[in-house]
Amino acid sequence: MAAGNERSMKALKEVWKRAENSLCADCGKPDPDWASSTLGVFICLSCSGIHRNIPSISKVKSLKMDYWDDAQVQFLAKHGNAVTKAIYEAHIPIYYYQPTYHDCQVLREQWIRAKYERKEFTEPGKQLPYSDGVKDGILWKRGRDNGQFLPRKFLLSEREGCLKYFTKQDAKEPKINIKIDVINATFQPEKIGNPNGLQITYLKDNKTRNIFVYHESGKEVVDWFNAIRSVQFHYLKVAFPIASDNEIKNRLTRNFLKEGYMEKTGPKQREAFKKRWFTLDHRRLMYFKDPLDAFAKGEVFVGSGENGYSVQKGLPSGTQGNFSWHYGITIVTPDREYLFTCETETDQLEWVRAFTSVINQAMTPQEYASKCLDAVSFPS
């Protein structure tokens, strides 16, 4: 018996160390140490918890702590991540967002369920709930003034190229009509306080507006997210006919580069620093009094190094404003310097890395145009 166990463990380790099995099959996290004995995939601890919630599809075991018999090891050897992905990920729409281990629980869970439970990607041309160019339904939307979440009717239309929402079910005119090419959507469960919380942002008069929504069903809110990406993809295919599918895919919804609290001072740099919530959305740095504000109190364009932008740790010597946080950041632009402080050195380093990543990128013609239109800076 002991010899059999030793033989099985040796065979298991050989399958485990194959290059194809070095990343989690579902989220891409390195060094997965769990596997599904019924699907034949190697997965991380976090994804194994999601698999465990669909026991009719997947039986998971630890590669380190659990016993694997010969038949189970042979099954893993016959399958593995590459073979299983070829089956369950054969026909993923190019616009479908495939989450990584950095993404929230609802995105990763619905990705796993879409693959193995609903088998959404196993057949070509399968009709999917986010692929037909139109979607309507109820989402709970946060009120701009009272902060309450109330049910609102939303309508997404590829034909009209827009997303609308209505304050009443039978309303004929929408409260807001948003063009699809100015929309971004990002999951924000912690900020919104709901595991299925979604932040929809859009530009109006070159200013950013936020809408915060959620749905009780994780599947439904992820379907909305991918429906937005689907409509955006097809809109951009028409608008940019010579662009490749991957180029268009990279222009769909994006996560914010960094969010969190910092202190800021006004343009005279003598006022007291005030604590504000900041969002870095590529080249737009916005600040809000509250993380769930509908409108930014101010925005600043973060350009490239070759255009005179830079970021530095610390504050200029002689800074007069009163501040309670002591890890400073200075953003230098052609027009002025912007001063911030962070609560911890970790926050400071993360913000500096985020700003540096933007500043190191060359500006596109569209970003030059955006800079010319953007007359907003930080008031006090």
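Residues numbered from 1 in each chain as written. Predicted model: local features only at pLDDT ≥ 70, side-chain atom pairs only at ≥ 80, totals over all residues. Heavy atoms only, no water.

- Going by what an unreviewed UniProt entry lists, the chain is known as ADAP1 protein and is assigned to Melospiza melodia.
- Of the comments in the UniProt record for the chain, the one headed Subcellular location (unreviewed entry) reads "Cytoplasm". (UniProt positions renumbered as here; feature names shortened; annotations may be inferred.)

### Examining the UniProt feature "domain: PH" (unreviewed entry) in the chain
Line of reasoning, step 1. Those places that UniProt annotates as "domain: PH" (unreviewed entry) correspond, in this numbering, to residues 132-233 and 255-360.
Line of reasoning, step 2. The annotated region residues 132-233 carries 20% helix and 46% strand content, and the separation between its end C-alpha atoms amounts to 12 Å. (Helix = DSSP H or I, 4+ residues; strand = E, 2+ residues; numbered from the N terminus.)

### Brief notes about the packing of aromatic side chains
Line of reasoning, step 1. This structure, assessed with the given rule, holds 19 aromatic pairs.
Line of reasoning, step 2. When the centroid spacing of 5.1 Å and the interplanar angle of 75° are considered together, the rings of Phe273 and Phe323 count as edge-to-face. Placement of the pair is Phe273 in the loop between β11 (258-264) and β12 (274-281) and Phe323 in the loop between β15 (310-313) and β16 (327-332), with a sequence separation of 50 residues.
Line of reasoning, step 3. Taking relative accessible area as the criterion, Phe323 reaches 28% and is therefore assigned partly exposed.
Line of reasoning, step 4. Summarising the aromatic geometry, the rings of Phe278 and Tyr287 are spaced 5.9 Å apart at their centres and angled 35° between planes, so their arrangement reads as tilted. (Phe/Tyr/Trp six-rings, centres within 6.5 Å; stacked < 30°, edge-to-face > 60°. Buried < 20%, exposed > 50% of the residue type's maximum accessible area, 1.4 Å probe, protein only.)

### Remarks on the side chain of Lys135
Line of reasoning, step 1. Structurally, Lys135 can be placed in strand β4 (residues 134-142).
Line of reasoning, step 2. With near-sequence residues (within four places) excluded, Lys135 lies in contact with Pro129, Phe154, Leu155, Leu156, Glu220, Asp223, Trp224 and Ala227. (Contact = heavy atoms within 4.5 Å.)

### Some thoughts on the sheet that holds strand β1 (residues 34-36)
Strand pairing in a sheet takes place through backbone hydrogen bonds and is either antiparallel or parallel in direction.
Line of reasoning, step 1. Spatial strand order, β2-β1-β3: three strands in an open sheet with antiparallel pairing. The sheet is open, and its two edges are formed by β2 (42-43) and β3 (60-62), each paired on a single side.
Line of reasoning, step 2. Two strands pair when backbone bridges link them, and β1 and β3 are joined in this way by three bridges, in the antiparallel orientation. Following the sheet pairing, Trp34 is matched in β3 by Ser62. (Pairing = 2+ DSSP bridges.)

### Focus on helix α9 (residues 345-359)
Line of reasoning, step 1. The first and last C-alpha atoms of α9 sit 21 Å apart over 15 residues, in line with the 21 Å expected at 1.5 Å per residue.
Line of reasoning, step 2. Against β11, β12, β13 (284-288), β15, β16 and β17 (337-342) lie the buried residues of α9. (Expected span 1.5 Å × (residues − 1).)

### Some details on the domain arrangement of the chain
Line of reasoning, step 1. Split by domain assignment, the chain resolves into domain 1 (1-117), domain 2 (134-250) and domain 3 (258-377).
Line of reasoning, step 2. Centre-to-centre separation of domain 1 and domain 2, based on C-alpha positions: 33 Å.
Line of reasoning, step 3. Taken together, the contacts link eight residues of domain 1 with 17 residues of domain 2.
Line of reasoning, step 4. Taken over both partners, the interface formed by domain 1 and domain 2 buries close to 1,100 Å², and the fraction arising from carbon and sulfur atoms is 73%.
Line of reasoning, step 5. Taken as a group, Ile94, Tyr95 and Val106 account for 54% of the area that domain 1 buries against domain 2, more than any other trio of residues on that side.
Line of reasoning, step 6. By residue class, the composition of the side of domain 1 that touches domain 2 is seven nonpolar, one polar and no charged. (Domains from an automatic or database assignment. Buried area = accessible area lost by both parts, 1.4 Å probe. Nonpolar A, V, L, I, M, F, W, Y, C, P; charged D, E, K, R; others polar.)

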